[in-house]
Amino acid sequence: MSLIKITDQPINTDELTKSLIHPEFGGVDIFIGNIRKFTDEIETEKIEYTTYKQMAEKEMQKLADQVLAKGMDVVMVHRVGELNLADVAVFIGVAAPHRAEAFENCQFLIDQLKKTVPIWKKEYDRDKIRWGGLGE
Amino acid sequence: MKVKLFSILAEEIGATVDLKLNDNFYAKDVKDSIKKSYPDFSDILDQSLVAVNEEYADDEEFKLADVTEIAIIPPVSGG
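What counts, and where the lines are drawn
- Residues numbered from 1 in each chain as written.
- Chains lettered and ligands numbered in written order.
- Predicted model: local features only at pLDDT ≥ 70, side-chain atom pairs only at ≥ 80, totals over all residues.
- Pairing = 2+ DSSP bridges.
- Helix = DSSP H or I, 4+ residues; strand = E, 2+ residues; numbered from the N terminus.
- Contact = placed C-beta atoms within 7 Å.
- Axes fitted to C-alpha atoms, helices over the stretch in contact; angles between N-to-C directions.
- Nonpolar A, V, L, I, M, F, W, Y, C, P; charged D, E, K, R; others polar.
- Buried ≥ 20, exposed ≤ 12 C-beta atoms within 10 Å, placed from the backbone.

> Which parts of the structure should I look at to understand the sheet that holds strand E7 (residues 70-73) of chain B?
Hydrogen bonds between backbone groups are what pair the strands of a sheet, and the pairing can be parallel or antiparallel. Residues and elements named next belong to chain B. Sheet architecture is open: five strands sit in the order E2-E1-E7-E4-E5, paired in mixed fashion. Both edges of this open sheet fall to strand E2 (16-18) and strand E5 (55-56), since each of them pairs with a single strand only. In the sheet, strand E1 (residues 2-4) pairs with E7 via two bridges, with the strands oriented parallel. Note that in E7 the partner of Val 3 across the bridge is Ile 70. Helix-sheet contacts for helix H2 (residues 27-37) involve E1, E2, strand E4 (49-52) and E7, and the interaxial angle to E4 is about 120°.

Encoded structure:
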């Protein structure tokens, strides 16, 4: 049972991982993206995520459908709102018969999510505020 | 037509902008129209995409009568 959603609640990674365990899938690959403190010398204090929710969930579903069509299971959950250091921002999980396709498709989903899904971060760094995607 | 804005554009300009669009229009017209009123945001608008009815718009022509929602999508930064 695939699960695709954007939430303003904390992401329960244990529960989502368990949902990917099925007898037909021998490999589960999970990517968890957290709020990182340092990006080189830039120190981040918190990140606020916003989204165009309906479109974002549609775009996530389009990505998931490509993997589901290959007979795998998919979980994609992104959190929005104000997140603190080490909070989980995104959970991507792919369950597949074998590990190679689980690795490959999990990477595909997170890489594409970062390119096409309308979610934005406003990064509160120690020196100033930075908007993700816009550079300096 | 109310056009939805997000991210830095929503914070600086507002959640929506009201635009007068022709009965037939292109995605580019939407950005050009906002640029006229908000020239300071031309750079960001140049980097942004337009979504029509919750789908990314290419170079196709739209009929205003078929459009229920338009949004400006600044460079995304999820994950």
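> What am I meant to see in the interface of chain A and chain B here?
Interfaces are often sized by the accessible area lost when the parts come together. Taken together, the contact pairs 22 residues of chain A with 15 residues of chain B. The biggest single contributor to the side of chain A that touches chain B is helix H3 (residues 99-116) of chain A, with four residues. By residue class, the composition of the side of chain A that touches chain B is twelve nonpolar, seven polar and three charged.

> What should I look at first to understand the pairing of strand E5 (residues 73-79) of chain A in this one?
Two faces, one strand: in a regular strand the side chains alternate between the faces of the sheet. All names here are of chain A. A large share of E5 lies buried, amounting to seven of its seven residues. Across the two faces of E5 the burial is the same, with Asp 73, Val 75, Val 77 and Arg 79 and Val 74, Met 76 and His 78 all buried. Note: strand E1 (residues 3-7) against E5, five bridges, orientation parallel. Pairing of Leu 3 across the sheet is with Val 75, part of E5. Across six bridges, E5 lies against strand E7 (residues 88-96) in antiparallel orientation. Looking at E7, one finds that Asp 73 is bridged to Ala 95.

> What is the right way to read the sheet that holds strand E2 (residues 27-34) of chain A from this model?
All names here are of chain A. The strand order E1-E5-E7-E2 describes an open sheet built from four strands, whose pairing is mixed. One side of each edge strand has no neighbouring strand; the edge strands of this open sheet are E1 and E2. With strand direction ignored, the average angle separating the axes of adjacent strands in the sheet is 5°. Most of the contacts of helix H2 (residues 53-68) go to E1, to which it runs at about 155°, and overall it touches E1, E5 and E7. Along the sheet, H3 makes contact with E2, E5 and E7, crossing E7 at roughly 145°.

> Help me out: how do you make sense of the environment of B:Ile8 in this one?
Here B:Ile8 is to be found in helix H1 (residues 7-12). With residues near it in sequence (within four places) discarded, B:Ile8 still touches A:Trp131, A:Leu134, B:Ile44 and B:Pro74.

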